Amino acid sequence: MAVTQELQGQIALVTGGGRGIGRNVAIELASAGMKVAVSARSAGEIEETAREVGGIAVECDVSDRPQVERMVERTEEELGPIDLLVANAGIGIDEDSAWEVEPEEWWRTFEVNVLGVYLCNRAVIPGMLERGRGRIVNVASGAAYLPGSTGTSYSASKAAVHRFSETLTNQLEGRIPVFSISPGLVKTRMTEDFGDDAPWTPPELAPRLVRALATGRLDTLAGRYLHAEHDDVDDLAARADQIVADDLNAIRLRR
């Protein structure tokens, strides 16, 4: 893996980093010089990713507060203070008829996708505030707003992730940038059944967006909804002030 000096010496924690989008993000950040902690419930997968990026693997269920707090503690003990959290861990369920799903199964999506994001954010923010630096990237989804979505638990949970991120940005304004991104429709274990004709997003785009966010180039756009495929990083940087002024890249009720 070729390594540049762009983010040399900074520390990243990537949840859901054992495979798919999270794994690719971890590799991209390591290639930019970051030291990366990779977390998930799948010990074998995160250990493989950690070896590839020269980082550490931390097994964790993000819906469990003590596990999340220990994950952050171990990352900072072994690598150093966290500069970037990428809250990527998420799940979805097969769901055609919400009323036929067991409530515990339906709610589990929220426990991982929403509570998990909150707990991870909650665990890193105090240290970031104390140090006066840090960034957070929460991974949402186009399912938060696209018409035609049929999975109620997943779509609603990702809408909650975006709204949480936008509102948290207001609380942390001028101190810690919080970003909400959609990685696009990336072929992963969760989406592979969509078929070869689906409008797949190139898997390298989400990692590149996260890398750009880690540099601080797009801090003006904290709280905005950024799409890995539809938003060009250079264009976002050039138009950042106008995007904010016109309230673009936002999920709003229009009348």
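The rules we used
Sequence positions are assigned chain by chain, starting from 1 and proceeding in written order. Where local features are concerned, this predicted model is filtered to residues with pLDDT of at least 70; where side-chain atom pairs are given and counted, the filter is 80 or more; whole-chain, interface and lining totals use all residues. Working from all heavy atoms in the structure, the side-chain values ignore hydrogens and water. Each helix is a run of DSSP H or I of at least 4 residues and each strand a run of E of at least 2, with the numbering of both proceeding from the N terminus. Only the C-alpha atoms count toward the radius of gyration. The rule for a globule is 2.2 Å times the residue count to the power 0.38. Exposure categories follow from relative accessible area, calculated using a 1.4 Å probe and restricted to protein chains: below 20% of the type maximum is buried, above 50% is exposed, and the middle band is partly exposed. Throughout, a contact is declared for two residues whenever any of their heavy atoms are within 4.5 Å. To be clear on the numbers: accessible area is Shrake-Rupley with a 1.4 Å probe, and residue cover counts the displayed protein chains and nothing else. Charge assignment in this entry is limited to Lys and Arg as positive and Asp and Glu as negative, and neither His nor the chain termini are counted. Here the site of a charge means NZ on Lys, CZ on Arg, CG on Asp, or CD on Glu. Strand pairing is defined by DSSP finding a minimum of two bridges between the two strands. Note on method: axes are straight lines fitted to C-alpha atoms, helices fitted across the in-contact stretch only, with angles between N-to-C directions ranging 0 to 180 degrees. Salt bridge criterion: a side-chain nitrogen from Lys or Arg within 4 Å of a carboxyl oxygen from Asp or Glu. Polar contact is defined as a pair of N or O atoms within 3.5 Å, subject to the rule that within protein one atom must be able to donate a hydrogen and the other to accept it, and that residues adjacent in sequence are counted only when both atoms are side-chain atoms.

## Re the overall build of the protein chain
Right, so step 1: In terms of helices and strands, the protein chain carries seven helices and seven strands.
Right, so step 2: For the protein chain, the N- to C-terminal ordering of α and β elements is β-α-β-α-β-α-β-α-β-α-β-α-β-α.
Right, so step 3: Computed over C-alpha atoms, the radius of gyration of the protein chain comes to 17 Å, within 12% of the 18 Å expected from 2.2 N^0.38 for 255 residues, which places it in the range of a compact globule.
Right, so step 4: Counting across all 255 residues of the protein chain, residues that qualify as buried make up 51%.
Right, so step 5: Considering only contacts in the protein chain between residues 6 or more positions apart, those separated by 24 or more positions represent 63%.
Right, so step 6: Accessible surface, the protein chain: about 12,400 Å² in total, of which carbon and sulfur atoms supply 48%.
Right, so step 7: The positive charge centre, built from 26 side chains, and the negative charge centre, built from 40, are 5 Å apart in the protein chain.

## Considering the sheet that holds strand β1 (residues 11–15)
Right, so step 1: Read from one edge of the open sheet, seven strands run β3-β2-β1-β4-β5-β6-β7, paired in parallel fashion. Of all strands in the sheet, those bounded by a partner on one side alone are β3 (56–59) and β7 (225–227). Across the sheet, the mean angle from the axis of one strand to that of its neighbour is 20°, orientation sign disregarded.
Right, so step 2: Contacts from helix α5 (residues 152–171) reach β5 (135–139), β6 (178–182) and β7, with the element oriented near 155° to β6.

## Side note on the pattern of salt bridges
Right, so step 1: Within the structure shown, the criterion is met by 20 salt bridges.
Right, so step 2: Taking the shortest distance from any N to any O, the salt bridge between R211 and E6 comes out at 2.7 Å. With a gap of 205 residues between them, R211 in helix α6 (residues 205–215) and E6 in the segment before β1 connect regions that are remote in the sequence.
Right, so step 3: Relative accessible area serves as the criterion here: at 14%, R211 is assigned to the buried category.
Right, so step 4: With relative accessibility at 44%, the residue E6 sits in the partly exposed group.
Right, so step 5: Salt bridges linked by common partners bring R163, E166, R224, D247 and R252 together as one network.

## Observations concerning the environment of R108
Right, so step 1: Within the fold, R108 resides in helix α4 (residues 103–131).
Right, so step 2: Between the C-alpha atom of R108 and that of V36, which follows or precedes it by 72 residues, the distance is 27 Å.
Right, so step 3: Every residue in contact with R108, bar those within four places of it in the chain, is listed here: R41, D61, S63 and I91.
Right, so step 4: Reaching out from R108, the side chain makes a polar contact with the side chain of D61 at a distance of 3.2 Å.

## Concerning the side chain of E95
Right, so step 1: Position of E95 relative to the elements: it lies in the loop between β4 (84–87) and α4.
Right, so step 2: At 2.3 Å, the side chain of E95 and the side chain of T152 are in polar contact.
Right, so step 3: Among residues more than four places away in sequence, those in contact with E95 are V101, W106, T150, G151, T152 and S153.

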